[in-house]
Amino acid sequence: MIKLTAYAFKNPRLLIACIVLITGLGISLFLNYPAQEDPPIKVREAIVSAYYPGMSPERVEQLLTRPLEEKIREIPEVQRITSTAFTGGTIISVKLYDKYFQLEPLWQKLRNKMADARSSLPDGVSGPSVNDDFGNVAIATLAITADGYSMAEMRQVALKLRDNLTGLPGVRRVEVHGLPAERIYLEGSPAQLSRLGLSLGDVLASLQKQNVVLPGGQVIADKAIVTLEPTGNFSDMADIEKTPILIPKTGQAIALSDVLTLRRAYVEPRSTGALFNNKPAIVLAISMAEGGNVVAFGQSLKARIAEVKPGLPLGFMLDFATFQPEVVSHLIADVERTLYETLVIVLIVVMVFLGMRTGLIVGTIVPLTMLMSLIIMSLMGIELQRVSIASMIIALGLLVDNGIVIAEDIMRRLVAGEDRKQACINAGTSLSTPLLTSALTIVLAFMPLLLADDQTGEYVRSLAQVTSIAVLSSWVLALTFTPLVCYHFMKVSASHQQESEEHYDSRFYRGYRRLLEGILRQPLIFLAAVTFAFVLAISGFGLVPQQFFPNSERNQYMILVNLPAGSPYAETEQAIKKIDAWLLDRKANPEVSSVVSYVGYGGPRFVLAMAPVAGAPHRGYIVVNVPLGTSVDAPLERTRNYLYANFPELRAEVKKFWLGGSETGLVEFRITGSDATTLKTLAEQLKQQLRSLPDTIDVKDDWENRTWKLLVKVDQAMARRAGITSSDVALSLNGALTGIQVSVFRDSDQTIPIVVTGKDKEMMSYDKLKTLNVFSENGQTSVPLIQIAELIGVPEDGAIRRRNGIRTVTVSGKSLSLSANALVKRMRPQIEKIKLDEGYRIGVGGELETSGNAQGALVKFLPVALASILLLMLWQFSSYRKVLIIAITIPLCLVGAVAGLLLTRANFGFMAIMGILALAGIIINNAVLLLERIAEELHEGKPHYEAVVMAALKRLRPIVMTKLTCILGLVPLMLFGGELWFGMAVVIVGGLALGTVLTLGVIPVMYTILFRVKKQV
């Protein structure tokens, strides 16, 4: 027995001091506790990129993607490699196993591997580079708009504001989005250079030799070390214009501006851009340092913006495009309100059952436990977020159990005539081990979640941590604080004395006794009925709708815009502007408050669950904001219908945000194989079948449409006779159409490429391309392109995607009326009819894969948790038969859980699984308390049969009271906690309601059977 209660009575001043400290420190922490929207999880993903402009996807796959993948596979910690080869480059996603937490050494290993691979790549390749900060989340995005100002003027203001915000305490990083890339163009023509006896190589050599930043060494002058710094690097545009170019034939030097025209401008066509409320914008993505309070940080950020605004040039506007602190504040306010409602309900229930005085005594343990839990959470680094706060709500119904049981036992002892102090000490001492066993049972029930090496488990791990902290804190306080308070304030009235004498002979208890004895007379019939109910529940489980995680309840929705692959940036921008204009029409969309759009890419990551859209000129991403508390369902459906009706040329996916690792309801079918044509044929079959199912939307594959490229087929013989090489052809084409980088200009912290390009922009047209003059390396020989080469149109894949080294086409879609599980079931018969050649296979991804991985991570540790619980019970009771009784009661929780899910039509998902784990622990506690009471009755000398019956009678009230407290305490979470917690609350409420009733019959019946207990006549 644990003598914690006796120690508390020996040191009451120490205990009171600890309680005061817990109260003061807990309240102080609560008022300033770090808060976030979601639990922090590590993003174990990095992006490797490499570029070779102009190279076809097939060549990129062979020369860049494959060698890099082979190097990455040498790292054993890598779980998955997915890659995309596109024209001019490759992007490879590297995903580590979820069991790794120290990521920096692994990312350094990846960088080293990529550095080793660089030597095996073709000359001219840029990269490979590694971005391991892929999971950086912007808690606020600030849009800068300015009517009538140029982008250069907006840039100056944006960079000053970035520097200002970077100095704000708590800021981790401020990224600038929406700025077009700058270039310094040297415009002219090879013919012009040739007339002066110059070549492009001469210009390149002159620029590179002058534009250097190199140390000049040091000298000692007057006993001081003086550093020498040679000049030459370009400090302004005038320096570039004055660069002397040596004419080889004459030996004379002329200024660069006499040969070429200099122009500083933004790259056209642009590759990326941003719009806010349909106006050109620069967006600052602000991320916060770890461990901060998002709400407090948001307040300081707003204050800083308010300070900055008056100093902005007239016409400049600053608006938050997304602002997570507001979302977090709203979320925490809602959950805290639910927490307070639960606290009030728990206290009311306790006072109704125990009376005002005893109810208040027991109720004081609730806020104390919450404050003590906050202190321990702070020490463990657990922040306040949607999971940890909801965990406190769930724990509220559990942690009061210990106080109720202790107070009830003290009251019983006082009524029986024990000395007040001894009654308090004896109650705590005798119940310390059973209550510890009960608390540890809850902890062990959540063991699979604590040990799960899966990202979903990491997301909800604070549920297990906070619940475990709360129940163990409750155990400590119930054995120390509650007996001490009972000693000073508990009052035994005459009614209690009368109740003691006649309590178990009241009408209610006589009815329960008759029912229990009737069950004990016909145990097999009762067990058959219970078994039938269990089988019925298992059968009914197949009717429960399944959903891994629900959609987020954010006041935002997104639009993913995709034009046909190969569409230029200008077309994408024009389409997005039309969509934005309609969204901002107050008559058409009165709910919409603001719209931020990114053209050519997906902007910054501002939601942890969703990675930004990969960049491409034909892609765009729109975030639509509505006021807090406004449902996005109506505007989202209206937007979807409008886009389908008015933009048939593009694919627009209108979606809610989601909470889990995969989009809610999304199904994916991965087709793997080697031949691109076969893969696309199979993908088309799957897409047709998916579209034929009810209410399917967003059906697509990820290889996109094929695009055209012009193959410049050089006639090598004719080219040689003209003194032209293939290299000359490529350089002439690149110089005329895109430009050739010859040096860089360093402007403050910005490095701007200096590019030599053709002056005649008409060279962008196909007709003019044929007559383009191709110059030799020395610039002295030229010939029209059409004389030495043939232009052939060749179709090619827009992108080639691979997964773990194998070509993979992913077909995806979702249904508005069917869950992902139901959709896959409908598709399976169709997939089985598809004849696959050797080496080809179809696998399932999306929500089902994420759900399967998460459940697999839990199931892996379920046997360990169950064995630990049973060993704990064996330690408690030293009886195999009692452990068997407890084991038999565990499945009974499913009866009420399934019934609750069917009645409420709640989805069974990951959180509902968490509910079942918690429910199993609670049901076991019922068994522990009842079996412990039977042992006490036997110890008091009662006959075996009478001991079983009296134990059931005496434990009826505390068991029913504690479980009713838990059930009613979960009602606010079930009704107002949101869709994430609804299924879990339903499982616990339904399971407790029926499971408790069943265990109050099953345990006595199983006990009498296993211990061969007969009623004495």
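Everything quoted here is computed from the prediction, not taken from an experiment.

(A) Quick peek at the overall build of the chain. A tally of regular secondary structure across the chain gives 34 helices and 31 strands. The C-alpha extent of the chain, read off along each of the three principal axes, is 130 × 80 × 60 Å. Total accessible area on the chain stands at roughly 44,400 Å², and carbon and sulfur atoms take up 57% of it. Each charge class in the chain was averaged separately, 99 positive and 91 negative side chains, and the resulting centres sit 6 Å apart.

(B) Quick peek at the sheet that holds strand 14 (residues 279-280). An order of 14-13-18-19-17-20 is seen for the six strands of this open sheet, with the pairing classed as antiparallel. With one partner strand each, in any of the chains shown, strand 14 and strand 20 (651-656) form the two edges of the open sheet. Sheet analysis places strand 18 (residues 594-599) next to strand 19 (residues 619-625), joined by six bridges and oriented antiparallel. Its bridge partner lying in strand 19, Val595 is registered against Val624.

(C) Structural detail: the sheet that holds strand 6 (residues 171-177). Read from one edge of the open sheet, four strands run 6-15-5-16, paired in antiparallel fashion. Unpaired on one side and paired on the other, strand 6 and strand 16 (316-323) mark the two borders of the sheet. This sheet shows a mean twist of 20 degrees between the axes of neighbouring strands, independent of strand direction. Here strand 5 (residues 140-146) runs beside strand 16; their pairing, made up of seven bridges, is antiparallel. Along strand 16, the bridge assignment pairs Leu142 with Phe320. Across the sheet, helix 9 (residues 294-308) touches strand 5, strand 6, strand 15 (282-288) and strand 16, and the angle it forms with strand 16 is around 170 degrees.

(D) Here's a closer look at a nonpolar patch on the surface. A grouping of Val219, Val226 and Leu228 is seen on the molecular surface, where their side chains present a nonpolar patch of about 200 Å² in accessible area. With respect to the helices and strands, Val219 occurs in strand 8 (residues 218-221). Taking the relative accessible area as the measure of exposure, Val219 reaches 37% and is therefore partly exposed.

(E) Highlighting the nonpolar core. Leu463, Phe910, Met911, Met914 and Trp981 are the most contacted members of the largest nonpolar core, which totals 199 residues. The contact partners of Met914, leaving out residues within four places of it in the chain, are Phe446, Leu449, Leu463, Leu858 and Met984.

(F) View of helix 21 (residues 633-646). For helix 21, with 14 residues, the first-to-last C-alpha span of 20 Å sits near the 20 Å given by 1.5 Å per residue. Taken as a whole, helix 21 has its buried residues at Pro635, Leu636, Thr639, Arg640 and Leu643. Along the axis of helix 21, the buried positions cluster into a sector of 140 degrees, meaning they face one direction only. Elements that come into contact with the buried residues of helix 21 comprise strand 17 (556-562), helix 20 (569-583), strand 20 and strand 22 (696-701).

Reading the values: the criteria
Residues numbered from 1 in each chain as written. Predicted model: local features only at pLDDT ≥ 70, side-chain atom pairs only at ≥ 80, totals over all residues. Heavy atoms only, no water. Helix = DSSP H or I, 4+ residues; strand = E, 2+ residues; numbered from the N terminus. Areas by Shrake-Rupley, 256 points an atom, 1.4 Å probe, with all protein chains shown as cover. Lys, Arg positive; Asp, Glu negative; His and termini not counted. Charge placed at Lys NZ, Arg CZ, Asp CG, Glu CD. Pairing = 2+ DSSP bridges. Axes fitted to C-alpha atoms, helices over the stretch in contact; angles between N-to-C directions. Contact = heavy atoms within 4.5 Å. Patch = residues over 30% accessible without salt bridge, like charges linked within 9 Å, V, L, I, M, F, W, Y side chains within 5 Å. Salt bridge = Lys/Arg side-chain N within 4 Å of Asp/Glu carboxyl O. Buried < 20%, exposed > 50% of the residue type's maximum accessible area, 1.4 Å probe, protein only. Core = buried A, V, L, I, M, F, W, Y, C linked by side-chain atoms within 4.5 Å. Expected span 1.5 Å × (residues − 1). Arc of directions from axis to C-beta.

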